[in-house]
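# Coordinate analysis (summary)
Chain residues, written in single-letter form:
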Amino acid sequence: MLQLRGFAGTPDKVKLVEFHPVQPWLAFADKSDNVRVWDWTTQQTLHDLQLGGADDEGSMEAAMNTVSVKDTAFVSNPSALSYTPSRVASGKVKQVRFLDSEVAYWQTATQHYMVNGSSTNPPKAANVHALDGTRLLVVVCENKILLYDLNTRKPYEVPRAVLDNKTPTCVTFLFRGGQYAPGGQPDADNLMTSPVLAIGCSDGAVRLLHLATLRVVGKLVGNHKASISCLSTLPTKAAFKLADDQQQSAARGSKQAATKRSDQTSAAAAAATPPVFTPSVDLVLGGDSAGALWVWEPFRVPLGSPDREIGPKMSWAGHSAEVWAACLTPGPEDPELASARVFTSGADHRLVAWDASSFSELWRTKLDAKSPATSLAYSHRLGGGGRSSLLCFACRRLLPSSSTKQV
């Protein structure tokens, strides 16, 4: 049974909402650019960030901590002693995201089951040591990106100067790197020790920020200038494959099988060698303000410099207007047999389903212009039964995956 609960966390209109996948927390931003974290079990506000202008609250706290120099009886806040308040106005809040080890496990595990099914075990987030003991609230603003530690209440800033003075618009998290993952070789599941933040910007590029160093290590580019309006992480499908040298040896042996006995033996030995398991690698799916969709493979080349540019793996015109949201969902039946789906929505009031492997269009439908799908989310927690899942959009409608065009 679907239950709805409401609360009045702010007198202003709410424009952004983000749920923590494990904790009973809800982060939201209102029209006044105040960001709050709400605990719905205790009905209390845990954190209240007043953004939009300069960090006046932080400046006041920093000034109060200097009182202990003259008055030894005054006890300073230890978490704010090393904090330098920012005088740069944050501007409008664009997006709010939680980032911690539970988010890392939840994202990698759920996406693993959506793409690979249950044939292989999901990755474990124990290797993501950069998130040990840390709970971050990532707030994307016009002039900077704020990383607010919910445990210590200490903020970290990524100013717009780090992003080539381009306005950040959205963010997604990359946990599975490949051979060229920054920060060292990942584990057997390709999980990196520190996640990479893919930050969409107003110039149409996606900048890759390494969380451990807070430095840009690469840039995803395309032949467009439209602003990036939404980003989503898509994992590749894990598979067992022959190593390149084994495949080449087998191919040479098959061509010369009639003339050289030694090549036949070599090919048979290569074929008898067990295949190598290739884990999933994170791709980046982006939509821009012109309606185009882009897919990048960020870890196919060495990263480390902000000047390292990576072109798109593919691109196509997905919508006739700005792309608002993208969401990954499992296939209609057994994930072992059917590939996952990617849903996108845009300002053209269209909801489109794509194949997550080939990105071919499966179907599209027109939505009510009075209820645009400004956001998309997938949930499998509806209730009993094998097909009890929902695709939620615009926070006002629910789309049962078993009753709409075999989603």
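In short, a report on the structure. Residue indices begin from 1 for each chain and proceed along its sequence in written order. Note on the predicted model: pLDDT of at least 70 is required for a residue's local features to be given, and 80 or more for side-chain atom pairs to be given and counted; whole-chain, interface and lining totals, by contrast, use all residues. Only hydrogens and water are removed before side-chain values are computed, so all heavy atoms of the structure are retained for them.

All right, on to the packing of aromatic side chains then. Working definition: rings of Phe, Tyr and Trp (its six-membered ring) pair if their centres are within 6.5 Å, and the pair is stacked with planes under 30 degrees apart, edge-to-face with planes over 60 apart, and tilted otherwise. According to the stated counting rule, one finds 7 aromatic pairs in the structure shown. The interplanar angle of 10 degrees and the centroid separation of 6.1 Å between the aromatic rings of Trp294 and Trp296 together place this pair among those described as stacked. Any residue under 20% of the maximum accessible area for its type is buried, any over 50% is exposed, and the rest in between are partly exposed; the area is computed with a 1.4 Å probe on protein chains only. Judged by relative accessible area, which is 4%, Trp294 ranks as buried. By relative accessible area, Trp296 is classed as buried at 0%.

Looking now at the sheet that holds strand S23 (residues 361–366). Hydrogen bonds between backbone groups are what pair the strands of a sheet, and the pairing can be parallel or antiparallel. Paired strands, as defined in this entry, are two strands with at least two bridges between them according to DSSP. Think of it this way: any DSSP run of H or I at least four residues long counts as a helix, any run of E at least two long counts as a strand, and we number them from the N terminus. With antiparallel pairing, the 4 strands of this open sheet are ordered in space as S20-S21-S22-S23. Two strands lie at the open edges of the sheet, namely strand S20 (323–329) and S23, each paired on one side alone. Taken over all neighbouring pairs, the strand axes of this sheet differ in orientation by 15 degrees on average, direction set aside. Where strand S22 (residues 350–355) lies against S23, 5 bridges are found, and the strand directions are antiparallel. Within S23, the position partnered with Arg350 by the bridge is Lys366. With axes taken as lines fitted to C-alpha atoms, and helix axes fitted only over the stretch in contact, angles between N-to-C directions fall between 0 and 180 degrees.

Once that is clear, we can look at the nonpolar core. Here, nonpolar core means buried Ala, Val, Leu, Ile, Met, Phe, Trp, Tyr and Cys residues that are tied together by side-chain atoms lying within 4.5 Å of each other. Core analysis: the largest hydrophobic core is formed by 22 residues, its most contacted members being Leu99, Val138, Leu197 and Ile199. Residue assignment for this core shows that the elements contributing at least two residues are strand S6 (135–141), strand S7 (144–149), strand S9 (168–176) and strand S10 (191–201). Ranked by the residues each element gives to this core, the list is headed by S10, at 4 residues. Whether two residues are in contact is decided by their heavy atoms: any pair within 4.5 Å suffices. Not counting the four nearest positions on each side in its chain, Leu99 is found in contact with Leu131, Thr134, Arg135, Leu136, Val138, Phe173, Phe175, Leu197 and Leu211.

What follows deals with the pairing of strand S1 (residues 14–19). Where S1 lies against strand S2 (residues 25–30), 5 bridges are found, and the strand directions are antiparallel. When the sheet's bridge partners are listed, Phe19 is paired in S2 with Leu26. What sits between S1 and S2 in their antiparallel hairpin is a turn of 5 residues.

The next thing to look at is the side chain of Ser232. Here Ser232 shows up in strand S13 (residues 228–235). Look at Ser232 and you get buried, because its relative accessible area is 11%. Discounting residues that sit within four places of it in the chain, Ser232 has contacts with Thr172, Leu283, Val284, Leu285 and Ala326.

The values are spatial; any link to function lies outside them.
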